[in-house]
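Notes for the structure review
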Amino acid sequence: QVQLVESGGGLVQAGGSLRLSCAASGRTFSMYAMGWFRQAPGKEREFVATISKNGDNTYYKNSVKGRFTISRDNAKNTVFLQMNSLKPEDTADYYCAADRTNRVGVLPSSYDYWGQGTQVTVSS
């Protein structure tokens, strides 16, 4: 069992940056692939980025490539999402998730544990 707590969301103007953090409880964080998803009002939850358990493999949604960077610090049980050049269409609740089997997947069903989310609003 792992508990995930996101932070770092907020209101930012278009073109700005935010850095999301997701802190995990437990001693097995380094065994999990980690992902970031987002959900805008009235829309389904969608994949944003994922990183393997040791950080050597990452994958991004096409629309965030070159703007977002996922990283992790296993010593601090934390995964990050650096978001640059933000656009109004990035506005959503952002969730981190943990995958026990290190699949580095893009589907929500690939993940076993979820945080409560942090809100990101990008104004035009």
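Presented here is a report on the structure given in the accompanying data block. (Residues numbered from 1 in each chain as written. Predicted model: local features only at pLDDT ≥ 70, side-chain atom pairs only at ≥ 80, totals over all residues. Heavy atoms only, no water.)

Let us look at the nonpolar core. One finds Leu4, Met34, Trp36, Leu81, Met83 and Tyr94 to be the most contacted residues of the largest nonpolar core, which totals 30 residues. Those residues in contact with Leu4, other than ones at most four positions away along the chain, are Cys22, Ala23, Ala24, Met34, Cys96, Ala97, Ala98, Tyr113, Trp114, Gly115 and Gln116. (Core = buried A, V, L, I, M, F, W, Y, C linked by side-chain atoms within 4.5 Å. Buried < 20%, exposed > 50% of the residue type's maximum accessible area, 1.4 Å probe, protein only. Contact = heavy atoms within 4.5 Å.)

The next point concerns the sheet that holds strand 1 (residues 4–7). Taken in spatial order, the four strands line up as 1-3-8-7 in an open sheet, and their pairing is antiparallel. Of all the strands in the sheet, the pair left with one neighbour each is strand 1 and strand 7 (68–73). Each strand of the sheet is rotated relative to its neighbour by a mean of 15°, with strand direction disregarded. Alignment of strand 3 (residues 18–24) against strand 8 (residues 78–83), held across six bridges, turns out to be antiparallel. Its bridge partner lying in strand 8, Ser21 is registered against Phe80. (Pairing = 2+ DSSP bridges. Helix = DSSP H or I, 4+ residues; strand = E, 2+ residues; numbered from the N terminus. Axes fitted to C-alpha atoms, helices over the stretch in contact; angles between N-to-C directions.)

So, about the packing of aromatic side chains. Under the counting rule described, the total for this entry stands at six aromatic pairs. Residues Phe37 and Tyr111 carry aromatic rings whose centres are separated by 5.2 Å and whose planes lie at 80° to one another, so their mutual orientation is edge-to-face. Taken together, the positions of Phe37 in strand 4 (residues 33–39) and Tyr111 in the loop between strand 9 (92–99) and strand 10 (113–114) put the pair 74 residues apart, joining distant regions of the chain. Residue Phe37 is classed as buried on the basis of its relative accessible area, which comes to 0%. Relative accessible area serves as the criterion here: at 5%, Tyr111 is assigned to the buried category. When the ring of Tyr111 is compared with that of Trp114, the centres are 6.2 Å apart and the planes differ by 65°; the resulting orientation is edge-to-face. With relative accessibility at 26%, the residue Trp114 sits in the partly exposed group. A cation over a ring is seen here: Arg19 above Phe80, with NZ or CZ 3.9 Å from the ring centre. Against the face of Phe29 rests Arg72, its NZ or CZ located 4.5 Å from the ring centre. (Phe/Tyr/Trp six-rings, centres within 6.5 Å; stacked < 30°, edge-to-face > 60°. Lys NZ or Arg CZ within 6 Å of the ring centre and 35° of its normal.)

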